[in-house]
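# Secondary and tertiary structure notes
Listed below, chain by chain, are the residues.
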Amino acid sequence: MARRTARAGMLTVLALALTGCGADTTGGQDDARTGRPGAPEGAPVALRLDHVGDQDGELTDLAALGPDDLWAAGHDRKNGGSTGRYLLRDTGDGWRRLPLPDALADIPYPPRLDAAGPDALWATGTTTEQGGPPVIAQWRDGRWSTVTPPPEGDLLDLAAFGPDDVTLLQNPHPPDRDDGAGNIVSDSRTQVAHWDGARWTTTLLPFTAAALDGTSGDDLWAVGHRSEGPGIGGDGQEMNQTAAHHYDGTRWTAVDTPLRRFPDPVPPEAGAALDTVVAVAPDEVHAFGRHSFNHGEVEEEPDDEHLRLRWDGKRWRDLPEAEGACGTRTPLLVDGDTGTLYENLWYQAADGRCHKLDRPRLPTGGEVRENARQGLGVAEAAVVPGTDRIVVVGHLAVMQGGNPFSRPVALHATR
């Protein structure tokens, strides 16, 4: 699944399948590498702890339904394995631990959470560690119910605009097919499935997609890659090019993206793909990915290319390189017109400046030794609707001899 983002004026949740950004152990000072001390005006400065769990584990996902209705998912860890999957909820008086709804009681990993309006939440999981069709529970009107998923397909991403307007991006596992010339090929196209409150409507996209976002149920983008068409093979010697698909409320269509090609000699198995899309407005959509190749096969290797594209309402163009550490990272959320929060909590303000948010540490003493190193691993971030707060969930890892551990944490920053 793809990393979630927050659109201007409303919360959207789209996240990576239960992956964080990795522990960061660089400390909490402002970014000295940019040469700009202090935070830009209007940007958040520091994260503050709101919740620390009392067992080894982590929080893996987050959904903000309203100012006084925050949800998180997490799990305990024992002997390196996942145990005790659970939910947390904060209705204004602190985080409380809750059991999973019955439909998700046996899933192997914590569910992903998606806000579907001010009073609706979707929680999705899989029945096996290898994936499979999603198991879906919906919180609405103060109770849980089960939503029957589409009949086929692993969940890749999800965009929710209301309890009766939810779109899934899925790998449908289609059977191999004959291409008409006697060759048996695998269909790598991706499926979208739309829920209208009563039934699913499914569509196969022209190419492979990995991420989904939009401004409404009638303005959706799915991005990924294609392995046929312009820029593939031949003189270009590229195996893949980036791909984008748009839904206008009536149908899905492929939209051209800039072609990529390494200089001669093109390295082996070169290709470009997008893995994140952020829809801020119908004429302001950003996509992120990578142009890479199979490293280690030639002596003279070019650098991988970090792809940053922008849809301006008419075409996809390359985005200018972001400043400093923000230039090579994937966004956690786009904070309306205020700025963008990137992996490892780098924040690019509206004026382009990039700085690092201060982050808290667990106090030393007791379990935490004086010489322990601490790292914050971030799983998800969200703007709380109607407020100036950004909420972050993940874990604080304490790295020390003999007794390393992690604590699930929820934090916030103020814009």
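A brief report on the enclosed structure follows. Worth saying up front: this structure is predicted, and the values here are computed from it rather than measured.

## Details of the pairing of strand 10 (residues 143-147)
Sheet topology places strand 9 (residues 131-140) next to strand 10; 5 bridges connect them, and they run antiparallel. For Gln138, the partnering residue across the bridge sits in strand 10 and is Ser145. In this structure, the hairpin formed by strand 9 and strand 10 is closed by a connection of 2 residues, where Asp141 is found at a positive phi of approximately 55 degrees.

## Overview of the layout of surface pockets
The space that makes up the largest pocket amounts to roughly 400 Å³. Contributing to the lining of the largest pocket are 21 residues, with Glu284, His286, Thr340, Tyr342 and Gln348 lying nearest its centre. In terms of residue class, the lining of the largest pocket is built from 9 nonpolar, 7 polar and 5 charged.

## Regarding the nonpolar core
For soluble globular proteins, nonpolar side chains are generally found buried alongside one another. The biggest cluster of nonpolar side chains holds 24 residues, and the ones touching the most others in it are Leu47, Leu341, Leu345, Leu357, Leu376, Ile390 and Val392. At the level of secondary structure, the elements contributing two or more residues to this core comprise strand 25 (331-335), strand 27 (346-349), strand 29 (373-383), strand 30 (389-399) and strand 31 (405-414). Counting residues in hydrophobic clusters, the runner-up holds 15 residues, among them Trp71, Ala73, Ala115 and Ala123.

## Quick notes on the packing of aromatic side chains
Summed over all chains, the structure comprises 10 aromatic pairs. Between Trp71 and Trp144 the ring centres are 5.9 Å apart and the planes differ by 80 degrees, which places this aromatic pair in the edge-to-face class. In this pair, Trp71 sits in strand 4 (residues 69-78) while Trp144 sits in strand 10, placing the two residues 73 residues apart along the sequence. The exposure class of Trp71 is buried, given its relative accessible area of 1%. According to the relative accessible area criterion, Trp144 is partly exposed, its value standing at 24%. When the ring of Trp195 is compared with that of Trp200, the centres are 5.2 Å apart and the planes differ by 45 degrees; the resulting orientation is tilted. Considered together, Trp195 and Trp200 belong to a single accessibility category, that of buried residues. Between the NZ or CZ atom of Arg97 and the centre of the ring of Tyr86, over which it lies, the distance is 3.7 Å.

## Focus on the state of the cysteines
Using the criterion set out here, one finds 1 disulfide in the structure. Sulfur-sulfur distance for the disulfide between Cys326 and Cys354 comes to 2.1 Å. One quick way to see it: the torsion about the S-S bond of Cys326 and Cys354 is about 85 degrees, and its sign makes the bridge right-handed. Taken together, the positions of Cys326 in the loop between strand 24 (316-318) and strand 25 and Cys354 in strand 28 (residues 354-356) put the pair 28 residues apart, joining distant regions of the chain. Judged on exposure class, the residue Cys326 and its partner Cys354 are both buried.

## Observations regarding the side chain of Gln374
Mapped onto the elements, Gln374 comes out in strand 29. The exposure class assigned to Gln374 is buried, which follows from its relative accessible area of 6%.

## Digging into the pairing of strand 11 (residues 154-162)
In terms of residue burial, strand 11 counts as a mostly covered element, since 8 of its 9 residues are buried. Between strand 11 and the antiparallel strand that follows it, strand 12 (residues 165-171), lie 2 residues.

## Things to note about the environment of Gly132
Structurally, Gly132 is set in strand 9. According to the relative accessible area criterion, Gly132 is buried, its value standing at 15%. Distance in space between the C-alpha atoms of Gly132 and Asn171 is 9.3 Å, their sequence separation being 39 residues. If we ignore the near neighbours within four places in the chain, the residues touching Gly132 are Thr126, Gly153, Asp154 and Leu155.

What counts as what
- Per-chain numbering applies: the sequence of each chain, read as written, is numbered from 1 onward.
- Residues qualify for local features only when their pLDDT is at least 70, as the model is predicted, and side-chain atom pairs are given and counted only at 80 or more; totals for whole chains, interfaces and linings, by contrast, use all residues.
- Hydrogens are left out, water is left out, and the side-chain values use all remaining heavy atoms of the structure.
- In short, DSSP must find at least two bridges between two strands for them to pair.
- Each helix is a run of H or I in the DSSP string that is no shorter than four residues. Each strand is a run of E no shorter than two, and both are numbered from the N terminus.
- Residues are said to line a cavity or pocket when one of their atoms sits within 4 Å of a point; the points come from a 1 Å grid over protein atoms alone, cavities being sets where a 1.4 Å probe fits but cannot get out and pockets being open sets with protein on both sides within 12 Å along at least five of seven lines.
- Grid points are joined across faces, edges and corners, and a volume is the space filled by probe spheres set on the points.
- Residue classes follow a fixed rule: Ala, Val, Leu, Ile, Met, Phe, Trp, Tyr, Cys and Pro count as nonpolar, while Asp, Glu, Lys and Arg count as charged, and any other residue, Gly among them, counts as polar.
- Each nonpolar core is a collection of buried residues, namely Ala, Val, Leu, Ile, Met, Phe, Trp, Tyr and Cys, held together in the definition by side-chain atoms within 4.5 Å.
- The buried label goes to any residue with under 20% of its type's maximum accessible area, the exposed label to any with over 50%, and the partly exposed label to all in between, with areas taken from a 1.4 Å probe on protein chains only.
- Here a pair means two rings of Phe, Tyr or Trp (six-membered ring of Trp) with centres within 6.5 Å. Their orientation is stacked below 30 degrees between planes, edge-to-face above 60, and tilted elsewhere.
- For a Lys NZ or an Arg CZ to count as sitting over a ring, it must be within 6 Å of the ring centre and within 35 degrees of the ring normal.
- Cysteine sulfurs are considered disulfide-paired once they come within 2.5 Å of each other.
- Whether two residues touch is decided by their heavy atoms; if any such pair falls within 4.5 Å, the residues are in contact.

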